[in-house]
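One letter stands for each residue in the lines below.
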Amino acid sequence: MWLEAVGAADVPRVGGKNASLGEMIGALGAAGVRVPPGFATTARAYHDYVTANGIGPAMRAALAAHQAGSANLQKTGEAIRQLFLEGEFPAETAQAIRAAYRELGRRRGLAEPAVAVRSSATAEDLPNASFAGQQETFLNVQGERALLEACRRCYASLFTDRAIAYREMQGFDHMQVALSIGVQAMVRADLGGSGIIFTIDTESGFPGVVVISAAWGLGEPIVQGQVDPDRYLVFKAALNDPALVPILDKTCGGKARKMIYASGGSARTALVTTRLHERSRFVLEDADILRLARWAVAIERHYGRPMDIEWARDGDDGALWILQARPETVHSGRAAPVLRSYRLKARAAPILRGAAVGEAIAAGPVHVARSPDEIADFPQGAVLVAEATDPDWVPLMRKAAGIITDHGGATSHAAIVSRELGLPAVIGTQRATTLLQDGQSVTLSCAEGEEGQVYDGILDFSATDIDLAAIPRTKTAMLLNIASPAAALRAWRLPTRGVGLARMEFIISAVVKAHPMALLRFEAVTNRAARREIEALTRGFRDKPSYFVETLARGVARIAAPFHPNPVIVRMSDFKSNEYAHLLGGAAFEPAEENPMLGLRGASRYYSERYREGFALECRAMVKARGEIGLDNIILMIPFCRTPAEADRVLALMAEHGLKRGENGLQIYVMCEIPSNVILAEEFAARFDGFSIGSNDLTQLVLGVDRDSAELRGLFDERDEAVKRMIADVIRRAHACGVKVGICGEAPSNHPDFAAFLVACGIDSISLNPDGFVTAARRVAEAEAAH
């Protein structure tokens, strides 16, 4: 059957993969989605092959012996595969395949077109099981004889060890499954690039983004975890506006190797080392990233569920193609509104780092495996350590408590199967198999952000289940304090009404890492190590200031995206001079202050000659996040603003850099953390759209207590009557001016009486860290009910 004649209803005839290809050709061609042309053999052809070669009885006997325990998986699979490999195609089937191949060549203007030969099982790519990589694909097949041999090997691959084990895990009857073969014109991805797309964040399950991976050459090394690909994150809600470039993140992968067509010998493909310029370049330009994201959203919309998609770019003409699309089977299948939160109770220095898969923590003895054949020696509940995994490893992975690999990325086989099995995995550590030893106890944590950590020894950790449906709704807006983009994605399921405090300085410290003035005046940086690190960070960007602007803008946008369209309040940088000095290159630009807490920080820094140009970069980044990426829910906030005159200077400077209050819906808040903010509440309310009470600094300055002093810890209490009077006063006076007031801090979750006090004062919003959110919501709900 030609693919254009196939649709979603034809899964029993041509399998899930081929039915999906035909469905996309017929239904999504008008939306611009391109699928390589080709044809599929039917399930009837498979059954004819089994009957003509008398395979059925021997296959049943082999499977029965395996299920009875008298034959192991390896011997069973090998015996059945041999039955298929020794068989011959019925004459009618062979002639039909040859005729279709010739017609495909005629349509392509080629006598012997290169084709991809893919397996498509009738149980494959269904909504509750991914079947990722369970059967074989053969690339760069040319000629009728080679095509028939590839088809024979596709039939045999229905009974690879991994396919048998996976069907048994999913509860499918082996004898009820058939195999269709898809034959498609090859896309010259060996000269271009390829990758995988998910229409959902694969770690958190956040549905508002498209995740794209990309590498040079053919896509198989990405799936097998043999290459560290580029990764792009795209915000779906802004894709409809052609004026926007809603790319939330671009990470340049190592891409040390690529798969190309082989020349000479029996192998059709070869894995080769990439050139230096290929490793340092992104595979996709922004326009191609957005085109693929729009196609992915169109595919998702058509199927009505999150999707896992393979794509390729032809190196001859630059055209993009969709190679297959199947349902995403992990997050989209979760029905219960329960959020399991893991937390390490002990702290230690990690011995390995890699990409985090999942959000869990696991601990146990290491077992370094060189081959999936080691399943008999693998202890149940051990931590699997391997260079990489492919589908042959699935039976062994099912016995593991967690997985650590040397190679691979978020879309590798190890990552996909780990998610499906619910196992935490740390992928792409580079040296796990050489550093870790059999029997060594380790703890692997995927609960600390996008980077997974491996610790020596067994560390204490906790796991808490949160019933999201049981969290009470409150009149007071319950918001989150968010420090990192990864934390924002993990918290998207919480019933929050936005973010009350996103700390820009945390993004600068953890993601940007370099002092903005060091990027503007690189010649003034004399520390050689800092210069080398800055050069490495900024490689591939137009210039060093552009690195700061783009990285900061995307970091803030990634925090704002999971909560869109709810407000996300981003505080402009609030490092003290000693903290700025610790950034790369920062020592050359910071004064040595006796008391940095009361020194050059917040608003006064923004217009100072020392930092004025650095603040301009912060403003450019916020213009980009709001206006170019499309996160118009971002509200900006000025910290430590001492006087109304200082507020005027900062607001004028922001307007000069494209951030004018009221323009394009921009709101600007002020931190209320200095007594002058309360005493002159009306003057500040005339200049800003809202107040956010910073209870730590306000308590410090009202009581004259150093908040970091261990000696005075007993005196530092935001529940002190003097502090409470200040808070009550500013809420009352701000409301009289029509201005909202919120508070960010942990006191409402730690102290029920303080939560009740805030509710009685009429506070508009309370913002907390995610781990205190549930407790605070309950306490605020109780206070509202009693008030």
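The model shown is predicted, which means the values in this text are computed figures rather than measured ones.

(A) Seen up close, the pairing of strand β11 (residues 307–313). The buried fraction of β11 is high, at seven of seven residues. Here β11 shows two buried faces, one formed by Met307, Ile309, Trp311 and Arg313 and the other by Asp308, Glu310 and Ala312. Relative to β11, strand β5 (residues 193–198) runs antiparallel, the two sharing six bridges. When the bridges of β11 are listed, Ile196 appears paired with Glu310. Strand direction decides the pairing type here: β11 and strand β12 (residues 320–327), joined by seven bridges, are antiparallel. Within β12, the residue paired with Asp308 across the bridge is Arg326. Hairpin connection between β11 and β12: a loop of six residues separates the two successive antiparallel strands, and Gly318 in this loop has a positive phi of roughly 80 degrees.

(B) Summary view of the packing of helix α15 (residues 504–512) against helix α18 (residues 544–560). It is the contact of α15 with α18, at a shortest axis distance of 10 Å, that shows an interaxial angle of 120 degrees. In this view, α15 runs oblique relative to α18, as classed from their interaxial angle. Like other packed secondary-structure pairs, α15 and α18 cross with a definite hand, here right-handed. Packed against α15, whose contacting residues are Met504, Ile507, Ile508, Val511 and Val512, the element α18 presents Tyr547, Phe548, Thr551, Leu552, Gly555, Val556 and Ile559 at the interface. For the contact of α15 with α18, a count of residues per class yields ten nonpolar, two polar and no charged.

(C) The arrangement of the pattern of salt bridges in detail. Using the criterion set out here, one finds 42 salt bridges in the structure. In this structure, the salt-bridge partner of Asp308 is Arg326, at a minimum N-O distance of 3.2 Å. Of this pair, Asp308 sits in strand β11 while Arg326 sits in strand β12, and the two are 18 residues apart along the sequence. Given the relative accessible area of 4%, Asp308 is considered buried. Overall, the relative accessible area of 6% leaves Arg326 in the buried class. Residue Arg725 pairs with Glu721 through a salt bridge whose shortest N-O separation is 3.5 Å. Of this pair, Arg725 and Glu721 are both found in helix α26 (residues 721–736), four residues apart, which corresponds to roughly one turn of the helix. You can call Glu721 partly exposed: its relative accessible area is 44%. One salt-bridge network, in which partners are shared between bridges, spans Asp201, Arg231, Asp249, Glu450 and Arg558.

What counts and what doesn't
Residues numbered from 1 in each chain as written. Predicted model: local features only at pLDDT ≥ 70, side-chain atom pairs only at ≥ 80, totals over all residues. Heavy atoms only, no water. Buried < 20%, exposed > 50% of the residue type's maximum accessible area, 1.4 Å probe, protein only. Helix = DSSP H or I, 4+ residues; strand = E, 2+ residues; numbered from the N terminus. Pairing = 2+ DSSP bridges. Axes fitted to C-alpha atoms, helices over the stretch in contact; angles between N-to-C directions. Parallel < 35°, antiparallel > 145°, perpendicular 65-115°, else oblique. Left-handed = near helix turned anticlockwise from the far one by under 90°. Contact = heavy atoms within 4.5 Å. Nonpolar A, V, L, I, M, F, W, Y, C, P; charged D, E, K, R; others polar. Salt bridge = Lys/Arg side-chain N within 4 Å of Asp/Glu carboxyl O.

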